[in-house]
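# Remarks on the overall topology
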Amino acid sequence: MLIKALCDYYDVLAKNEKVLQEGYSNVKVHYLVSLTLEGDIDEIINWQESEQVENGKGKIKERLIPRTIVMPERTEKPGIDANIVEHRPLYIFGLNFDKESFSTEDRTGKAKKSHEAFRDKNLAFLEGLDSAVVNAYRAFISSWNPEAETENPYLLKLGKAYSTAGYAFCLSGRPDVLLHRDQKLMGKWEEERRKEEPDGSQALVAQCAISGEKAPIARIHNKIKGVYGGLATGSVLIGFKNSSGCSYGNKSEPEVDQKESPFPLPSP
């Protein structure tokens, strides 16, 4: 009952465009990386918005907050895994910031591996696309060398804000021409996303708990973020132990040792 009610409510919100479409994520962005047509950084623009808040003494104070924008779905996998149209600094620039300087070195080589993953994944995705902002982004990825950019003046100006900020890309002198809104890029994202959708031929078919109909079921679901008391990385709506999947004809029930079980099984 509760799950069906939540599902129905989500459908209502989606109809009114108040929730994200599947395949996309809300991303907090602090800065715009302005790129020339040749792929060089000519400016990093503070893209935050001002907000007035009242402090404990009743005075109004102004603070800057990041903008929330829609980008292709962000990865939730552990370890190193790049996004299409990346927003994380370690992936984009391949640099760690420590106190007052930038470096490519770290104990596990994460900066180097993250940047390489970003470069390879995005260059492969951009193949065949042609627009001014996409070409600038491609040129940036192809020419950016983290080892040669440890003294980059634009990054040094950000200082400690560098590591925790989110980034988006635009064309030089045209902050309205944004990479994540490019029609050709987003069109390809939609095509690639549809290719990954299961056709049902090999997916597990089971009865839906909401509609009651039999259909291919998802193996995993996205985590829900913003739940009070939940994890910052997101919380699962419904979680099961592995052994709970042993019913519904998937495989035989595991044997239970009644001596060890706190809830002895009834005698047959």
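A few points on the structure. Please read all numbers here as calculations on a predicted model, not as lab measurements.

Further remarks concern a nonpolar patch on the surface. A surface patch of nonpolar side chains, amounting to about 270 Å² of accessible area, comprises Leu-2, Ile-3 and Leu-6. Among the structural elements, Leu-2 can be located in helix H1 (residues 2–15). A relative accessible area of 62% places Leu-2 in the exposed class.

Right, let's get into the pattern of salt bridges. The tally for this structure, following the rule as stated, stands at nine salt bridges. Note that Asp-120 and Arg-119 form a salt bridge whose closest N and O atoms lie 3.1 Å from each other. Note that Arg-194 and Glu-190 form a salt bridge whose closest N and O atoms lie 3.4 Å from each other. Note that Arg-194 and Glu-190 are positioned in helix H7 (residues 183–196) at a spacing of four residues, about one turn of the helix. Using a relative accessible area of 17% as the deciding quantity, one classes Glu-190 as buried. Salt bridges here are not isolated pairs; linked through shared partners, they connect Glu-190, Arg-193 and Arg-194.

Moving on: the nonpolar core. The biggest cluster of nonpolar side chains holds 46 residues, and the ones touching the most others in it are Phe-93, Phe-140, Leu-155, Tyr-162, Tyr-167 and Leu-185. Sort the elements by how many residues they give to this core and helix H4 (residues 132–143) lands first, with six residues.

The next point concerns the pairing of strand S2 (residues 31–35). When you tally the buried positions in S2, you get five out of five residues, the bulk of the element. Burial along S2 is two-sided: Tyr-31, Val-33 and Leu-35 and Leu-32 and Ser-34, pointing in opposite directions, are all buried. Direction of pairing for S2 relative to strand S3 (residues 41–46): antiparallel, over a ladder of five bridges. Paired with Leu-35 across the bridge in S3 is Ile-41. What sits between S2 and S3 in their antiparallel hairpin is a turn of five residues, with Gly-39 showing a positive phi close to 90 degrees. Looking at chain direction, S2 and strand S9 (residues 167–171) are connected through five bridges and run parallel.

What follows concerns the packing of helix H3 (residues 110–126) against H4. Two elements in contact, H3 and H4, have axes separated by 10 Å at closest approach and are oriented at 145 degrees. Crossing of H3 against H4: the hand is left-handed. Mapping the contact onto sequence places Phe-118, Arg-119, Asn-122, Leu-123 and Leu-126 in H3 and Val-134, Tyr-137, Arg-138, Ile-141 and Ser-142 in H4. Tallied by class, residues from the contact of H3 with H4 come to six nonpolar, two polar and two charged.

Here we take up the side chain of His-87. Mapped onto the secondary structure, His-87 falls in the loop between strand S6 (67–72) and helix H2 (89–93). At 3.1 Å, the side chain of His-87 forms a polar contact with the side chain of Arg-74. For His-87, the residues in contact, after removing those within four places along its chain, are Val-27, Met-71, Arg-74, Ile-92, Ala-165, Gly-166 and Tyr-167.

With that out of the way, let us pick up H7. Given a rise of 1.5 Å per residue, 14 residues ought to cover 20 Å, and the 20 Å separating the end C-alpha atoms of H7 matches this to within 8%. Among the residues of H7, those classed as buried are Leu-185, Met-186, Lys-188, Trp-189, Glu-190 and Arg-193. For H7, the capping residue at the N-terminal end is Asp-182, with a side-chain oxygen 3.2 Å from the backbone nitrogen of Lys-184.

A few words on the sheet that holds S3. Overall, mixed pairing links the four strands, which are arranged S3-S2-S9-S10 in an open sheet. Only two strands of the sheet have a single neighbouring strand rather than two, namely S3 and strand S10 (174–178). Neighbour-to-neighbour, the strand axes of this sheet turn through a mean angle of 45 degrees, independent of strand direction. Relative to S10, S9 runs antiparallel, the two sharing two bridges. Looking across to S10, one finds that Leu-171 is bridged to Arg-174. On top of the sheet, H4 reaches S2, S3, S9 and S10; it is set at about 120 degrees to S9, its chief contact.

Criteria and cut-off values
- The written sequence of each chain sets the order in which its residues are numbered from 1.
- Per-residue local features of the predicted model are confined to residues with pLDDT of at least 70, and side-chain atom pairs are confined, for both listing and counting, to 80 or more; whole-chain, interface and lining totals are unaffected and use all residues.
- No hydrogens and no water enter the side-chain calculation; it runs on all heavy atoms of the structure.
- Candidate patch residues must exceed 30% relative accessible area and have no salt bridge, after which like charges are joined if within 9 Å and Val, Leu, Ile, Met, Phe, Trp or Tyr side chains if within 5 Å.
- Note on areas: Shrake-Rupley, 1.4 Å probe, and residue coverage restricted to the protein chains presented here.
- Here a salt bridge means any side-chain nitrogen of Lys or Arg lying within 4 Å of a carboxyl oxygen belonging to Asp or Glu.
- A run of H or I in DSSP becomes a helix once it reaches four residues, and a run of E becomes a strand once it reaches two; helices and strands are each numbered from the N terminus.
- Burial classes follow relative accessibility: with a 1.4 Å probe on protein chains only, a residue under 20% of its type's maximum area counts as buried, one over 50% as exposed, and anything between as partly exposed.
- To form a nonpolar core, buried Ala, Val, Leu, Ile, Met, Phe, Trp, Tyr and Cys residues must be joined to one another through side-chain atoms within 4.5 Å.
- For two strands to be treated as a pair, DSSP must find no fewer than two bridges joining them.
- Only C-alpha atoms enter the line fits that serve as axes; for helices the fit covers just the stretch in contact. Angles between N-to-C directions range over 0 to 180 degrees.
- A crossing counts as left-handed when the near helix is turned anticlockwise from the far one by less than a right angle, and as right-handed when that turn is clockwise.
- Pairs of residues are marked as contacts when any of their non-hydrogen atoms sit within 4.5 Å.
- All amino acids are sorted into three groups, where Ala, Val, Leu, Ile, Met, Phe, Trp, Tyr, Cys and Pro are nonpolar, Asp, Glu, Lys and Arg are charged, and the leftover types, Gly among them, are polar.
- Side-chain atoms alone can form a polar contact between residues adjacent in sequence; in general such a contact is a pair of N or O atoms within 3.5 Å, and within protein one must be able to donate a hydrogen while the other accepts it.
- One less than the number of residues in a helix, times 1.5 Å, gives the span that helix is expected to have.

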